[in-house]
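Structure at a glance
Listed here are the chains, written in short residue letters.
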4 protein chains.
Amino acid sequence: MKNPIDQLPARQQQALKTRHKLLQAGKEVFLENGFQKATISQVIKKANTGYGTAYVYFKNKDELFITLMEDLMNQFYEVAEMPFKPQAKEEAYENIKKQVRLFLRLALDERDMMKVVKEAIGVSPEIEEKWYGIRERFIERISVDIRYAQAQKLAKKQLDPALTARGWFYSNEMFMWELVMNEEKYQMDDVIVNLTRMYTGGLYE
Amino acid sequence: MKNPIDQLPARQQQALKTRHKLLQAGKEVFLENGFQKATISQVIKKANTGYGTAYVYFKNKDELFITLMEDLMNQFYEVAEMPFKPQAKEEAYENIKKQVRLFLRLALDERDMMKVVKEAIGVSPEIEEKWYGIRERFIERISVDIRYAQAQKLAKKQLDPALTARGWFYSNEMFMWELVMNEEKYQMDDVIVNLTRMYTGGLYE
Amino acid sequence: MKNPIDQLPARQQQALKTRHKLLQAGKEVFLENGFQKATISQVIKKANTGYGTAYVYFKNKDELFITLMEDLMNQFYEVAEMPFKPQAKEEAYENIKKQVRLFLRLALDERDMMKVVKEAIGVSPEIEEKWYGIRERFIERISVDIRYAQAQKLAKKQLDPALTARGWFYSNEMFMWELVMNEEKYQMDDVIVNLTRMYTGGLYE
Amino acid sequence: MKNPIDQLPARQQQALKTRHKLLQAGKEVFLENGFQKATISQVIKKANTGYGTAYVYFKNKDELFITLMEDLMNQFYEVAEMPFKPQAKEEAYENIKKQVRLFLRLALDERDMMKVVKEAIGVSPEIEEKWYGIRERFIERISVDIRYAQAQKLAKKQLDPALTARGWFYSNEMFMWELVMNEEKYQMDDVIVNLTRMYTGGLYE
DNA sequence: CATGAATGAGAGTTCATTCAT
DNA sequence: AATGAATGAACTCTCATTCAT
């Protein structure tokens, strides 16, 4: 089994390596200083490349960061695309709990990076846009799931799938940020159980 | 009946007037340029005061903005403190709907300012902190309401009041931001009804 | 007799002094390096002011240079506005010769600066515009003079005053640049006499 | 009949093609962006050649532009070399008018390129030099013509041929630039007639 | 002949803040 | 209480050019 990179001409291999060096250095700088305080100059110094070199690969700080985010974001996309075909309320409940756990788990596994992402979302419209993409993808998928559950006569018909999906995801996302910023404050399992119960059964008897 | 300001010594009156000029100019500048692009220099120029003068009253841009926010935030506090003593599920449902409506209404009435607030939250930790204060106040109040409903045997005992309150507020807050940024996209009433139904009755039959 | 500057508050006197230091330093830098190679940094260093200080007084290199030009340009305006009321062809001829001499003399007296001006005209549209202002002022004045001479039956009626004035000024301007760039090449008096003869009498017998 | 290029070895043919691609791309880039804003990188990208390749053929931006100018400049040289052997004042007048018209016509036919040339003259001393070459060639030829007319006793002897030729060309050149930059402002024929009348007959009766 | 990754000097600019008056 | 001239650290980004392949 060959690594496809090895087959590239030496020139392109070199280029790839430089790009990688910049990304690596970028990640370190962002984790150390946060998004706003990080500067391209720091990245360049750490990557040990020429000043102009960074600009060959990335137009600016935002673009470098987005590239760095992309990998992480793809993992979120995978969670979003999980199959959901429950036959009964209990199965649905278990499926949902599992997906919430994966979602929170992923965020906490990349906690430091997620903190920077949160900051970047507030500061850079481009990055905010990226995150909105993820959110809408999740919401759309959940909408589909709700419609499926309604068709199966598991879920209440009078709830609007799109709005319900949105409200549900919002709760999840915000708890996720809360855990990322303050992991100690809550027990993840308590959060998951309570969140899922609310979602499936509502507050009132 | 006298205006209490009139009773102050002339010097303090003058000071109050200067402060007011700065706040007024600040508001205009923030609404025109957003938080990040606004500069203290612009505010000073618009207020027609000296450079040093602004620093007598406000330590920096954040503090000026926080002062400007305060008034708006107090209105939110009022909504948070609404009494909640329902005797039956239906009454609870109506009360909740009313409060959600007030919350969204307030945000939309001050839509332009709220947009700036949203930007400022992402950029300035101090302002983020301020907003967190509001959020926690809401959540605390809602927790109390949930405990009350549980005591009244209206609400399910097995749900954790604090976590449930938090999840519920998160949904509301996020829909609020969504409406502030994209008023056209949703019918406010649809949002309110769906949100409240979900909260009180849950998704599954 | 009092110098009006002495009457200004100390604060403004200081400001004027700083501004003057920058202008003085600017002139030296431009004369040493020409327009294109001169940088604001050089000016700042020479003026011994803070980095931001220069930007308080001048938006950029062009604006600093234009301020520096203005004084020179006013002298040109004065030459342009010279009265012209000849009663006979010979008087006209003498008047014209005198004005041409003043024009060339002025340019040669400020030869070094004019060289920089020439370079700046080619590089900066704003400065080009300024120069065009001078040119059009001259041409307009000359047009008036031609019309006067035509009314006096000194000048040929079938020549268009505006176009004739323009053509005449063009010759003068270009000889001026030629002399500024290559003083040695021509005898100024030869140039003046030939130019004026051509203008008044034409080439052909 | 063979195209001489076809006879060259394949390698040289390739080289010629590359060179041509660069020139073509260069022209487009200069016309789009003007001289100052155009960069070699843009040209290279448009020509779709390697970075180093451009430097095989042209030392820098100026040289590429000069090559591009050369063709145009040759056309000016042709106009300059027009024969001039009038037997009478009227014939001279007609000849001159014709040459002026050709000169202006040529500039206006290549108006867009001439605008770039004008900009380039102001910015690049090398290009300025090139243009001076053309100018001096014209002036020299006109001097010869004037001497011929003087010998024929058509023109006034007391005018210095070199200075007169220079003044006359300056007027023409400047009107040419004026028309290139502002075609709408003047009627070309009015300009030609007035210019030629002035030149041949002078302003005063 | 052709390539294109890498370079790096340095230009321009901003703006919150101070402090002497 | 009010002023406003002065500051300067620090950032982004460009682009002609080289040189090893």
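Quick caveat, the model's predicted, so the values are computed rather than measured. (Residues numbered from 1 in each chain as written. Chains lettered and ligands numbered in written order. Predicted model: local features only at pLDDT ≥ 70, side-chain atom pairs only at ≥ 80, totals over all residues. Heavy atoms only, no water.)

1. What about the protein's contact with DNA strand E?
The full set close to DNA strand E counts 34 residues, and Arg11, Thr18, Gly52 and Tyr57 of chain A together with Tyr57 of chain D are the nearest of them. Atoms of DNA strand E within 4 Å of the protein: sugar and phosphate make up 51%, bases the balance. Between DNA strand E and the protein, one listed contact pairs a phosphate oxygen with a backbone N or O atom of Ile40 of chain C at 3.4 Å. Gly52 of chain D places a main-chain nitrogen or oxygen 2.6 Å from a base nitrogen of DNA strand E. Elements represented by at least two residues in the surface near DNA strand E include exactly helix H1 (10–37) and helix H3 (51–57) of chain A, helix H2 (40–47) and helix H3 (51–57) of chain B, helix H3 (51–57) of chain C together with helix H1 (10–37) and helix H3 (51–57) of chain D. Residue contributions to the surface near DNA strand E peak at 5 residues, all from H3 of chain A. (Near = heavy atom within 4 Å. Polar contact = N/O pair within 3.5 Å; in protein donor to acceptor, adjacent residues only side chain to side chain. Helix = DSSP H or I, 4+ residues; strand = E, 2+ residues; numbered from the N terminus.)

2. Some words on the arrangement of the chains
No part of chain B reaches chain C; the closest C-alpha pair between them is 12 Å apart. Over all C-alpha pairs, chain A and chain D never come within contact, reaching a minimum spacing of 12 Å. (Contact = heavy atoms within 4.5 Å.)

3. Brief notes about the protein's contact with DNA strand F
As a structural note, the neighbourhood of DNA strand F is formed by 36 residues, with Tyr57 of chain B together with Arg11, Thr18, Gly52 and Tyr57 of chain C the closest of them. In this structure, a base nitrogen belonging to DNA strand F sits 2.9 Å away from a main-chain N or O atom of Tyr51 of chain B. The contact in question runs from a phosphate oxygen of DNA strand F to an N or O atom on the backbone of Ile40 of chain D, over 3.4 Å. Every element with two or more residues in the surface near DNA strand F is listed here: helix H2 (40–47) and H3 of chain A, helix H1 (10–37) and H3 of chain B, helix H1 (10–37) and H3 of chain C together with helix H2 (40–47) and H3 of chain D. When residues in the surface near DNA strand F are grouped by element, the largest group, 5 residues, is from H3 of chain C.

4. Comments concerning the relation of the copies chain D and chain C
The transformation that overlays chain D on chain C combines an axial shift of 0.1 Å with a rotation of 179 degrees, and the residual RMSD is 0.2 Å. Here the two chains are linked by the operation of a two-fold rotation axis. Looking at the interface residues of chain D, 100% of them are also at the interface in chain C, so both copies use one shared face. (Least-squares fit on C-alpha atoms with pLDDT ≥ 70 in both.)

5. Here we look at the side chain of Ser143 of chain B
Its location among the elements puts Ser143 of chain B in helix H7 (residues 125–151). Excluding its chain neighbours within four sequence positions, the residues that come into contact with Ser143 of chain B are Pro161, Ala162 and Ala165 of chain B.

6. Thoughts on the pattern of salt bridges
Two side chains of opposite charge can pair, provided their charged atoms sit close to one another. All told, the structure shown has 66 salt bridges over all chains when counted by the stated rule. The partner of Lys118 of chain A in a salt bridge is Glu128 of chain B, and the shortest N-O contact between them spans 2.8 Å. Residue Lys118 of chain A is located in helix H6 (residues 111–123), and its partner Glu128 of chain B is located in helix H7; the two belong to separate chains. Linking Asp145 of chain D and Arg141 of chain D is a salt bridge whose minimum nitrogen-to-oxygen distance equals 2.9 Å. Separated by 4 residues within a single helix, Asp145 of chain D and Arg141 of chain D lie in helix H7 (residues 125–151), roughly one turn from each other. Across this residue pair, the class does not change: Asp145 of chain D and Arg141 of chain D are buried. Three or more residues are tied together by salt bridges with common partners; here these are Glu81, Arg137, Arg141 and Asp145 of chain A. (Salt bridge = Lys/Arg side-chain N within 4 Å of Asp/Glu carboxyl O. Buried < 20%, exposed > 50% of the residue type's maximum accessible area, 1.4 Å probe, protein only.)

7. Things to note about the UniProt feature "domain: HTH tetR-type" (unreviewed entry) in chain A
Within this numbering scheme, the UniProt entry marks residues 16–76 of chain A as carrying the feature "domain: HTH tetR-type" (unreviewed entry). Secondary structure across residues 16–76 of chain A divides into 87% helix and 0% strand, with the first and last C-alpha atoms of the span separated by 25 Å. (UniProt positions renumbered as here; feature names shortened; annotations may be inferred.)

8. Describing the UniProt feature "DNA-binding region" (unreviewed entry) in chain A
Residues annotated in UniProt with the feature "DNA-binding region" (unreviewed entry) correspond here to residues 39–58 of chain A. Across residues 39–58 of chain A one finds 75% helix and 0% strand; the C-alpha atoms that close the span lie 13 Å apart.

9. A word on the interface of chain B and chain A
Between chain B and chain A, the residue contacts involve 46 residues of the former and 46 residues of the latter. A combined buried area of about 4,200 Å² lies between chain B and chain A, and 59% of that area is made up of carbon and sulfur atoms. The interface formed by chain B and chain A contains 4 salt bridges. Between Glu178 of chain A and Arg166 of chain B there is a salt bridge whose closest N-O contact spans 3.4 Å. Along the contact surface separating chain B from chain A lie 23 residue pairs in polar contact (both at pLDDT 80 or more). (Buried area = accessible area lost by both parts, 1.4 Å probe.)

10. Details of the interface of chain D and chain C
Of the residues lining the interface, 46 residues belong to chain D; the matching set on chain C comes to 46 residues. Of the roughly 4,200 Å² buried at the junction of chain D and chain C (both faces included), carbon and sulfur atoms supply 59%. Here chain D and chain C share 23 residue pairs in polar contact (both at pLDDT 80 or more) between them. Mapped onto the side of chain D that touches chain C, the elements with two or more residues apiece are helix H5 (89–109), helix H6 (111–123), H7, helix H8 (161–181) and helix H9 (188–201) of chain D.

11. A closer look at the domain arrangement of chain A
Residues and elements named next belong to chain A. Looking at chain A, the domain boundaries give domain 1 (4–58) and domain 2 (68–201). The C-alpha centroid of domain 2 is placed 32 Å from the C-alpha centroid of domain 1. In this assembly, 8 residues from domain 1 lie in contact with 10 residues from domain 2. Carbon and sulfur atoms supply 80% of the area that domain 1 and domain 2 bury against each other, a total of about 770 Å² over both sides. Of all residues in domain 1, Lys27, Leu31 and Phe35 bury the most surface against domain 2, accounting for 60% of the area lost on that side. Where domain 1 meets domain 2, there are 0 salt bridges. Here domain 1 and domain 2 share 2 residue pairs in polar contact (both at pLDDT 80 or more) between them. (Domains from an automatic or database assignment.)

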